[in-house]
Amino acid sequence: MGNFMNERADQLAKETTLISDETISFVPSRNQIRNEGNKIIKDLWQNCWNDSKNARWTKNLKDKVNVDRLYGDFYINQILTAHGVFREHQAKFFGKMSLCLCGQETGSVLHVIKECEIWTSYRKNWPSGWQLMSLKDLINNADIRISLRGLLHELLIKELDLLSLFSETDISRLKKRRR
């Protein structure tokens, strides 16, 4: 004869093995429900992204929705969205001149980053073959990304300097008219 509590535990264990698998069911945990809900939301978001006619530029750079890592970089975001300091964007949304500072082409993202002669110094240390790299690959290269930040920073300063020159000229012109 053994210990009563041990015998009772043994008896319950034996009875449990006789229970049919069909009678046991588990409710999903909160984490499982949340994870499944997140997966459904992400799949729906991806379908909307795939079907959308908007954000074509960004789709070329980011083909899949991703919640793991978002760029929080002021300059790189302007490349990713083709917004901001680029003259092509400024012309489209604000009626400004679209010609690049170099005077050769429209100030598009691709022109400024890959072609514009003004920014050659930024590209001189890029790895060989960069001309064949996609914009997506250029952005994902850590060394090039640092250089791109510098390029856009300088471009922004040049554009702001031009804006302040025009503003001062406009103010002077207005003052002369009032006299």
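Thresholds, definitions, all that
Residues numbered from 1 in each chain as written. Predicted model: local features only at pLDDT ≥ 70, side-chain atom pairs only at ≥ 80, totals over all residues. Heavy atoms only, no water. Phe/Tyr/Trp six-rings, centres within 6.5 Å; stacked < 30°, edge-to-face > 60°. Buried < 20%, exposed > 50% of the residue type's maximum accessible area, 1.4 Å probe, protein only. Helix = DSSP H or I, 4+ residues; strand = E, 2+ residues; numbered from the N terminus. Contact = heavy atoms within 4.5 Å. Salt bridge = Lys/Arg side-chain N within 4 Å of Asp/Glu carboxyl O. 1 Å grid on protein atoms, 1.4 Å probe; cavity = no way out; pocket = protein on both sides within 12 Å on 5 of 7 lines; lining within 4 Å. Points joined across faces, edges and corners; volume = space filled by probe spheres on them. Nonpolar A, V, L, I, M, F, W, Y, C, P; charged D, E, K, R; others polar. Core = buried A, V, L, I, M, F, W, Y, C linked by side-chain atoms within 4.5 Å.

The name recorded for the chain in an unreviewed UniProt entry is RNase H type-1 domain-containing protein, from Araneus ventricosus.

Engineer: Explain the packing of aromatic side chains to me, using residue names and the numbers behind them.
Structural biologist: Counting across every chain of the model gives 3 aromatic pairs. Aromatic pair W119 and Y122: ring centres 6.1 Å apart, planes at 55 degrees, arrangement tilted. According to the relative accessible area criterion, W119 is buried, its value standing at 1%. Taking the centre distance of 5.0 Å and the plane angle of 85 degrees together, the rings of W126 and W130 count as edge-to-face. There is no split in this pair, since W126 and W130 are both buried.

Engineer: Mind laying out the environment of C102, listing which residues take part and the relevant values?
Structural biologist: Structurally, C102 is set in the loop between α5 (87–94) and α6 (109–115). Counting along the chain gives 15 residues from C102 to E117, while the straight-line C-alpha distance between them is 7.0 Å. Excluding residues within four positions of it along the chain, C102 makes contact with H111, C116 and I118.

Engineer: Residues and numbers for helix α4 (residues 74–81), please.
Structural biologist: The complete set of buried residues in α4 reads Y75, I76, Q78, I79 and L80. Positioned one or two residues after α4, A82 has a phi angle of 60 degrees, which is positive.

Engineer: Requested: an account of the pattern of salt bridges, with residues and values cited.
Structural biologist: Within this structure, the stated rule accounts for 3 salt bridges. Salt-bridge contacts for R149 lead to D73; the nearest nitrogen and oxygen are separated by 2.2 Å. Here R149, found in helix α9 (residues 142–178), pairs with D73, found in the loop between α3 (56–61) and α4; they are 76 residues apart in sequence, far enough to count as distant. Residue class for R149 comes out partly exposed when judged on its relative accessible area of 28%. Given a relative accessible area of 14%, D73 falls into the buried group. A salt bridge links R87 to E159; its shortest N-O distance comes to 2.8 Å. Separated by 72 residues along the polypeptide, R87 in helix α5 and E159 in helix α9 bring together distant segments of the chain. Residue R87 is classed as buried on the basis of its relative accessible area of 12%. Using a relative accessible area of 16% as the deciding quantity, one classes E159 as buried.

Engineer: How would you explain empty space enclosed by the protein if you had to name every residue and give the values?
Structural biologist: The gaps of empty space that remain are located by a probe, the size of a water molecule, rolled over the atoms. Across all of its chains, the model carries 2 cavities of 30 Å³ or more by this definition. Its volume calculated, the largest cavity comes out at about 50 Å³. Lining of the largest cavity is provided by V85, F86, R87, C100, L101, G107, V112, W119, L155 and E159. Grouping the amino acids of the lining of the largest cavity by side-chain chemistry returns 7 nonpolar, 1 polar and 2 charged.

Engineer: Report on unusual backbone geometry, specifying residues and quantitative values.
Structural biologist: Positive phi, normally seen in glycine, also occurs at A82, with a value near 60 degrees. One can find A82 in the loop between α4 and α5.

Engineer: Summarise the nonpolar core; cite the residues concerned and give the values.
Structural biologist: Core analysis: the largest hydrophobic core is formed by 26 residues, its most contacted members being I79, I113, L135, L138, I139 and L148. Among the elements of the structure, α4, α6, α8 (135–140) and α9 are those that each provide at least two residues to this core. Of all the elements, α9 adds the most residues to this core, at 5 residues.

Engineer: Describe the side chain of H111, and please don't skip the residues or the numbers.
Structural biologist: Within the secondary structure, H111 is located in helix α6. Not counting residues up to four positions away in its chain, the partners in contact with H111 are C100, C102, E105, T106 and C116.

Engineer: How would you explain the environment of H111 if you had to name every residue and give the values?
Structural biologist: H111 gets classed as buried once you look at its relative accessible area, which sits at 3%. For H111 and F86, which are 25 residues apart along the polypeptide, the C-alpha to C-alpha distance reads 9.8 Å.

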